[in-house]
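Here are the chains, one letter per residue:
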Amino acid sequence: MRKVFHFDSPAGPYLADAAVLCCFDHRISTAVRKFLKKQGVERADMITVAGGAKTLASPRNDFEQDFILEQVRMSVYLHQTKRVMVMTHSDCATYGGLDHFKGDREAEAEHHRSELLRAGELLTSNFPGISVEPYFVKFDGIWEVKDADHLKSTPQQPPSGTLREVA
């Protein structure tokens, strides 16, 4: 082998701040990176696949869901992950884009809300003790799914409404 790029990185054991499941759509990558930094997530086990949380909530096949569950399992096992952030985004092609919702952004957001909750419930049923945080990424910010406190390992005050902007 021939070294083609040099960098310095800590070589010791590593614990993840969170596992993050999101779509590989480049339009959201900068917003997701900045959001994670703002949330104090410096060491993320990134699971980036077409559709993000859709792969858990409404997978195209069993393999897709099993693959993502295995990725989360490895993050929990290898890096002691206790926090999982799941994301979907507006105009996602795996959902048929905004056109699938006839341009209705409210209908799109409500559909993603239910998908994110379903993904979170699947994760918490498979991995007791983790906290799942569902987020919907729009092109003007990142929105936290409300009424998802049952997905967190530590109880919190129940919020009002359905989505809250967090970035």
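Numbering of residues starts from 1 in every chain and runs along the sequence as written. Totals for whole chains, interfaces and linings use every residue, but because this is a predicted model, local features are given only for residues with pLDDT of at least 70 and side-chain atom pairs only at 80 or more, for both listing and counting. The basis for every side-chain value is the complete set of heavy atoms in the structure, and neither hydrogens nor water enter the calculation.

> Can you walk me through helix α4 (residues 105-126) in this structure?
Helical geometry note: an α-helix holds 3.6 residues per turn, so side chains three or four residues apart project in the same direction. Strands are runs of DSSP state E lasting at least two residues, helices are runs of H or I lasting at least four, and both sets are numbered from the N terminus onward. Multiply 1.5 Å by the residue count of a helix minus one, and that product is the helix's expected span. A rise of 1.5 Å per residue sets the reference length of α4, with its 22 residues, at 32 Å; its end C-alpha atoms lie 31 Å apart and thus fit the reference within 8%. Here α4 has its buried residues at E108, A109, H112, R113, E115, L116, L117, A119, G120 and L123. Relative accessibility thresholds used throughout: buried, under 20% of the residue-type maximum; exposed, over 50%; partly exposed, between the two (1.4 Å probe, protein chains only).

> Would you mind going over the packing of aromatic side chains with me for this structure?
Geometry of an aromatic ring pair is reported as the spacing of the ring centres plus the angle between the planes. Note on ring pairs: Phe, Tyr and Trp rings are taken, using the six-membered ring of Trp, and paired if centres are within 6.5 Å. Classes follow the plane angle, with under 30 degrees stacked, over 60 edge-to-face and the rest tilted. For the coordinates displayed, the defined rule picks out three aromatic pairs. Ring centres 6.0 Å apart and planes at 35° place the aromatic pair F5 and F7 in the tilted group. You'll find F5 and F7 in the same group, each marked exposed. A ring is scored as having a charge over it whenever the NZ atom of a lysine or the CZ atom of an arginine sits within 6 Å of its centre and within 35 degrees of its normal. Cation over ring: K54 sits above Y95, and NZ or CZ is 5.5 Å from the ring centre.

> What's the story with the environment of A53 in this structure? I'm lost.
As for its position among the elements, A53 is in the loop between β2 (44-48) and α2 (54-57). Exposure remark for A53: the relative accessible area of 0% places this residue in the buried category. In this view, A53 contacts L21, V86, M87, T88, L116 and A119; residues no more than four positions away in its chain are not counted. Only heavy atoms matter for contacts: two residues are in contact if any of them lie within 4.5 Å across the pair.

> It is not clear to me how unusual backbone geometry should be interpreted in this structure. Could you clarify?
A negative phi angle characterises most non-glycine residues, just as the trans form characterises most peptide bonds. Even without a glycine there, the phi angle at K102 is positive, about 55°. Mapped onto the elements, K102 comes out in the loop between β3 (83-89) and α4. By relative accessible area, which is 77% here, K102 ends up exposed. Its identity is not glycine, yet D147 carries a phi of approximately 60°, on the positive side. Within the fold, D147 resides in the loop between β5 (141-145) and β6 (163-165).

> Explanation requested: the confidence of the model for the protein chain in the structure shown.
Keep in mind that low pLDDT regions are not for reading the predicted coordinates in detail. The predictor rates its confidence in each residue with pLDDT, a number between 0 and 100. Taken over all residues, the pLDDT of the protein chain has a mean of 92, while the share at 70 or more is 91%. Taken as a whole, residues 154-161 scores under 50 in pLDDT and shows 10 contacts with residues more than four places along the chain or in a different chain.

> Looking at this model, I keep getting lost on the packing of helix α3 (residues 62-79) against α4. Mind explaining?
For any two helices packed against each other, one specifies the crossing angle of their axes together with the interaxial distance. Relative to each other, α3 and α4 sit at 55°, their axes nearing to 11 Å. Looking at the two axes, α3 sits oblique to α4. Of the two possible hands of crossing, α3 and α4 adopt the one that is right-handed. Within the contact between the two elements, α3 uses Q65, L69 and V72 and α4 uses L122, L123 and N126. Under the scheme applied here, ten amino acids are nonpolar (Ala, Val, Leu, Ile, Met, Phe, Trp, Tyr, Cys and Pro), four are charged (Asp, Glu, Lys and Arg), and all others, including Gly, are polar. Of the residues contributing to the contact of α3 with α4, the split by class is four nonpolar, two polar and no charged. Fitted lines through C-alpha atoms give the axes, limited to the stretch in contact for helices. The angle between two N-to-C directions lies from 0 to 180 degrees. To sort the angles, those under 35 degrees are grouped as roughly parallel, those over 145 as roughly antiparallel, those from 65 to 115 as roughly perpendicular, and the leftovers as oblique. Two helices that cross are described as forming a left-handed crossing if the nearer one is turned anticlockwise from the farther one by less than a right angle, and a right-handed crossing if clockwise.

> What is the right way to read the side chain of T55 from this model?
Locating T55 in the fold gives a position in helix α2. The class of T55 is buried, set by a relative accessible area of 2%. At 2.7 Å, the side chain of T55 and the backbone oxygen of G52 are in polar contact. Leave out the neighbours within four places in its chain, and T55 touches L21, V49, A50, E64, Q65 and I68. Each polar contact in these results corresponds to two N or O atoms within 3.5 Å; when the atoms are within protein, one needs to be able to donate a hydrogen and the other to accept it, and residues that are neighboring in sequence are counted only if both atoms are side-chain atoms.

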